[in-house]
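Structural overview
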Amino acid sequence: MTAGHAPAAVASAGPAAAISIRGLTVTYGGGRRGVSAVQDVTVNVGAGETFAIIGESGSGKSTLLKAIAGLVPPAAGTVEVFSGSAGGARRGAARGQVVFQVPDRALDPRQPIWKSVAEPLVPRQLRIPASLRETAIELLSEVGLGMQIADRRPHEISGGQKQRVTIARALASRAPLILLDEPVSAQDVSLQASLLRLLMSVQRERGLTYVIVSHDVAAVAGTADRVAVMYAAKLVEIGAASQVLTSPLHPYTRALIAAVPRITAERAARPAQPILGEPPDPRIRVAGCRFRSRCPFAIQRCASEEPALQNDTGAGGHQVACHRWQEISEVTASTSSAPKTGREPR
Amino acid sequence: MTAATPGGDSLLAVTGLRLTLGPATLLDDITLSVQRGEVVGLVGESGSGKTLTGLSVLGLVPHGAHVSGSIRFAGTELLGAAPAVLRATRGDQIGMIFQEPRSSLNPVLPVGRQIVDVIRAHRVMNRREAGATALSLLDQVGLPSPRNCFGAYPHELSGGMCQRAMIAMALACDPSLLIADEPTTSLDVTVQAQIISLLRSIADERGLSVLLITHNLAVVTQVCDRVITMYCGQVVNIDSTHRVVAAPSHPYTWALVSSGRQQLAAAELTEPRPTGPDLSEAHLAGPELTGQPANPEQPPPGCRFHPRCPFAEERCAQAVPEMTVLNGNQTRCLRHAELRLEAGIR
């Protein structure tokens, strides 16, 4: 659990790894009733990268985020953030700041906004208290909020403004890593765009690393450099955003992308393709591939042998955990009847 | 149960609906209709009054609100109707689905029992018959094992299953109008696609009219025949889904369609939008909806959208534009004739 060098064998995304996760398993509850919310996840996130984790409710994506933040202890494996392990020196604010999904619950309803924003500064003595308010106002202006917001309380401002406030607070500690849990899902589409643009411009200015967790592919994918797809506690596909979104390899990723409703003039022209069934109950352990009960391509082998993430997909760094990805790609390339996703040739 | 509609086949006709709460006019001159068997989308940002419009139809307005105008449902005036009349209409002829399925269900009663209660509140039926009806409803909404769900408590079901149960409950008395308020917003994208296709097939099979309230235009284009756009307590645009997508007649609708499109395009989930004749680079570069939605408590003078409108002129700030009817669609824009808001579809 001490700071160590990343083995060269692990595919790294960038020159320097901001986050290095090795064989991470997070378990809730103990003994036979324990549920693994994250199982055997190995991934690196490069410094300055925007890394998106997508998946359905209960896939373990938020738990993975919490593990990176050090909010849940790993049952096995290691999480290193800027070469400091979860139990090591870099904890709390220095490790990464979290922006949560529902800003209503993330802000103290009885404190004026500026106090919420300045809160991360107090225990670390980065500023003397007299100038705290000014610092908070500076941070607020950085996220596009005027100083009249500073003395209001959370119920007096709109949802989009609240989310900006939580972003300002995350910036306050000067942490190089920001962890965003569904940062825009609770917002209107028009606000989502402006919040994401804000996040991107702040990232450019400060050289931040982002890990974004979302169930909504459309909302976050446009801003991500790399995308990891999680299903039932496991990573099933990982790669550059352009690769994963335009040529997904895993049947689950295909289904996830096909489910996004498109804007169509003809109602029946391109219906969102529902994915059948419900996500599996994490309490029930299944042998083989966890997606096979919902997978249209499942064969006998999928029931007996659990697929591992494969590296040899031809495209650099694009990994997939599926026995049949190669066959499926060939089939869907020749016939367009299978779940069709991604950009169409014009 | 009520008198036949005198002429016309509007199932629901709202005329000049105005709702004031204290000094604020939250709904101003709302005129809209839903035909028999028609699926209509009601879109707008948070705070535009779309939910309040839906609730007003059911007579569920906030305490102290003053409502005027007319709400005719199947020929019966609902506004100012006796509580007994409203009680008999709600849940019987008009079903309602709310955004958060889990908080709409009673946590301490099994789901089946709650549906039985709805049926027995409106129909003379014994428990056994009502139970059989409830079971068949749970089956019709596609729940995997209706018998298990019948006896299950809401916490034992997933979000998508709860929403299916809510739909079953709303359909329990075979209503002719279903008001669905953000039925998919709190659900995963994959489950959302399931619920969208369920709503559409139910509407088609039963000849049910649906008023679908949502901020997600992509969802609307998937299921609706017609789109009503609200902004700051006013209806600003009513048009067929086809024209809303292809050539919106109000800048706000156009901006909503564009921001939805841009999000999908950024995520490489749709074809890039071809440039329309009157779209400058500036309009394509970023979502047009900058700034906060107008506050209905202090609406801006003139057209309420003009502070955010890229096409606003001086006259737009002077008087509230009247609703103009032009070949079947309605728009509240002074410049509708000169603007060619082509959103560009393939």
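Each value, and the rule that gives it
- Residues numbered from 1 in each chain as written.
- Chains lettered and ligands numbered in written order.
- Predicted model: local features only at pLDDT ≥ 70, side-chain atom pairs only at ≥ 80, totals over all residues.
- Helix = DSSP H or I, 4+ residues; strand = E, 2+ residues; numbered from the N terminus.
- Contact = placed C-beta atoms within 7 Å.
- Buried ≥ 20, exposed ≤ 12 C-beta atoms within 10 Å, placed from the backbone.
- Pairing = 2+ DSSP bridges.
- Axes fitted to C-alpha atoms, helices over the stretch in contact; angles between N-to-C directions.
- Core = buried A, V, L, I, M, F, W, Y, C linked by C-beta atoms within 7 Å.
- pLDDT = per-residue confidence, 0-100.
- Expected span 1.5 Å × (residues − 1).
- Parallel < 35°, antiparallel > 145°, perpendicular 65-115°, else oblique.
- Left-handed = near helix turned anticlockwise from the far one by under 90°.
- Nonpolar A, V, L, I, M, F, W, Y, C, P; charged D, E, K, R; others polar.

**A closer look at the overall build of chain A**
A tally of helices and strands in chain A yields 12 helices and 11 strands. A separation threshold of at least 6 residues defines the contact pool for chain A, and within that pool the share at least 24 residues apart is 66%.

**Quick word on the overall build of chain B**
Tallying secondary structure elements over chain B gives 12 helices and 12 strands in all. When burial is assessed residue by residue, chain B has 51% of its 346 residues classed as buried. Once local pairs closer than 6 in sequence are excluded, the contacts in chain B between residues at least 24 apart make up 65%.

**Section: the sheet that holds strand β6 (residues 94-97) of chain B**
Residues and elements named next belong to chain B. Taken together, eight strands build an open sheet; the order of strands is β6-β7-β8-β3-β9-β10-β12-β11 and the sheet is mixed. The open sheet has two edge strands with one neighbour each: β6 and β11 (324-326). Adjacent strand axes in the sheet meet at a mean angle of 20°, parallel and antiparallel pairs treated alike. Relative to β6, helix α7 (residues 159-171) is tilted by about 165°, and along the sheet it contacts β6 and β7 (177-181).

**Overview of the sheet that holds strand β5 (residues 76-77) of chain B**
Residue and element names in this part refer to chain B. Across the sheet, four strands lie side by side as β2-β1-β4-β5; this open sheet has antiparallel pairing. The sheet is open, and its two borders are formed by β2 (24-35) and β5, each paired with just one other strand. The pairing of strand β1 (residues 10-21) with β2 spans eight bridges and is classified as antiparallel. For Val 14, the partnering residue across the bridge sits in β2 and is Leu 32.

**Things to note about helix α10 (residues 251-258) of chain A**
In terms of residue burial, α10 of chain A counts as a mostly covered element, since eight of its eight residues are buried. Every buried residue belonging to α10 of chain A is among Pro 251, Tyr 252, Thr 253, Arg 254, Ala 255, Leu 256, Ile 257 and Ala 258 of chain A, and all of these are buried.

**Structural notes on unusual backbone geometry**
Working note: non-glycine residues mostly have negative phi, and peptide bonds are mostly trans. Residues and elements named next belong to chain A. We note that Glu 182 has phi near 45°; this positive angle belongs to a residue other than glycine. Of note, Glu 182 is situated in the loop between β7 (177-181) and α7 (189-206). With 21 C-beta atoms packed within 10 Å, Glu 182 lands in the buried category. Positive phi outside glycine occurs at Ala 232, with the angle close to 45°. Along the chain, Ala 232 falls in the loop between β9 (226-231) and β10 (234-240).

**Things to note about the nonpolar core**
Residues and elements named next belong to chain B. Core analysis: the largest hydrophobic core is formed by 196 residues, its most contacted members being Ala 165 and Leu 212. Ranked by residue count, the leading element in this core is α7, at nine residues. In this view, Leu 212 contacts Val 39, Val 40, Gly 41, Leu 42, Ala 180, Val 220, Val 223 and Cys 224; residues no more than four positions away in its chain are not counted.

**Some thoughts on the confidence of the model for chain A**
Per-residue pLDDT for chain A has a mean of 80; in total, 82% of the residues score no lower than 70. Segment residues 86-90 of chain A is flagged for pLDDT under 50; beyond a separation of four residues in sequence, or across chains, it makes 12 contacts in the model.

**Describing helix α8 (residues 189-206) of chain B**
All names here are of chain B. With 18 residues, α8 should reach 26 Å at 1.5 Å per residue; the first-to-last C-alpha distance of 26 Å fits that figure. Residues Val 189, Thr 190, Val 191, Gln 192, Ala 193, Gln 194, Ile 195, Ile 196, Leu 199 and Ala 203 constitute the buried set of α8. Of the residues trailing α8, Gly 207 is marked for its positive phi of about 60°.

**Topic: the confidence of the model for chain B**
Residue and element names in this part refer to chain B. Here chain B averages 85 in pLDDT, and 89% of its residues register 70 or above. Residue range residues 1-7 is modelled with pLDDT below 50. Its contacts to residues more than four positions away, or to other chains, number 11 contacts. A low-confidence stretch, residues 270-287 (pLDDT under 50), is modelled with 31 contacts involving residues beyond four sequence positions or located in other chains. Note on the complex model: pTM 0.82, ipTM 0.76.

**Digging into the pairing of strand β8 (residues 209-214) of chain B**
All names here are of chain B. Burial analysis of β8 places six of its six residues in the buried class, which makes it a mostly covered element. Here β8 shows no split at all, with Ser 209, Leu 211 and Ile 213 on one side and Val 210, Leu 212 and Thr 214 on the other all buried. Note that strand β3 (residues 39-43) and β8 share five bridges and pair parallel. Bridge pairing in β8 places Gly 41 opposite Leu 212. Inspection of the sheet shows β7 paired to β8 by five bridges, in the parallel sense.

**Things to note about the packing of helix α4 (residues 111-122) of chain B against α7 of chain B**
A pair of packed helices is characterised by two quantities: the angle between their axes and the separation of those axes. All names here are of chain B. Look at α4 against α7: their axes get within 9 Å of each other, and the N-to-C directions meet at 20°. The orientation of α4 with respect to α7, classified from their angle, is roughly parallel. With respect to the hand of their crossing, α4 and α7 are arranged in right-handed fashion. Contacts between α4 and α7 involve Val 111, Gln 114, Ile 115 and Val 118 on the former and, on the latter, Ala 165, Ala 168 and Met 169. When grouped by side-chain class, the residues that make up the contact of α4 with α7 number six nonpolar, one polar and no charged.

**Points about the pairing of strand β9 (residues 226-231) of chain B**
All names here are of chain B. Along β9, six of the six residues are buried, which leaves the element largely enclosed by surrounding structure. Side chains of β9 alternate between two faces, with Arg 226, Ile 228 and Met 230 and Val 227, Thr 229 and Tyr 231 buried alike. With four bridges connecting them, β3 and β9 associate as parallel partners. Paired with Val 43 across the two strands is Thr 229, which belongs to β9. Bridge count between β9 and strand β10 (residues 234-240): six bridges; the pairing is antiparallel. In the sheet register, Thr 229 faces β10, and the bridge partner there is Asn 237. Here β9 folds back onto β10 in antiparallel fashion, the turn holding two residues, of which Cys 232 has a positive phi close to 50°.

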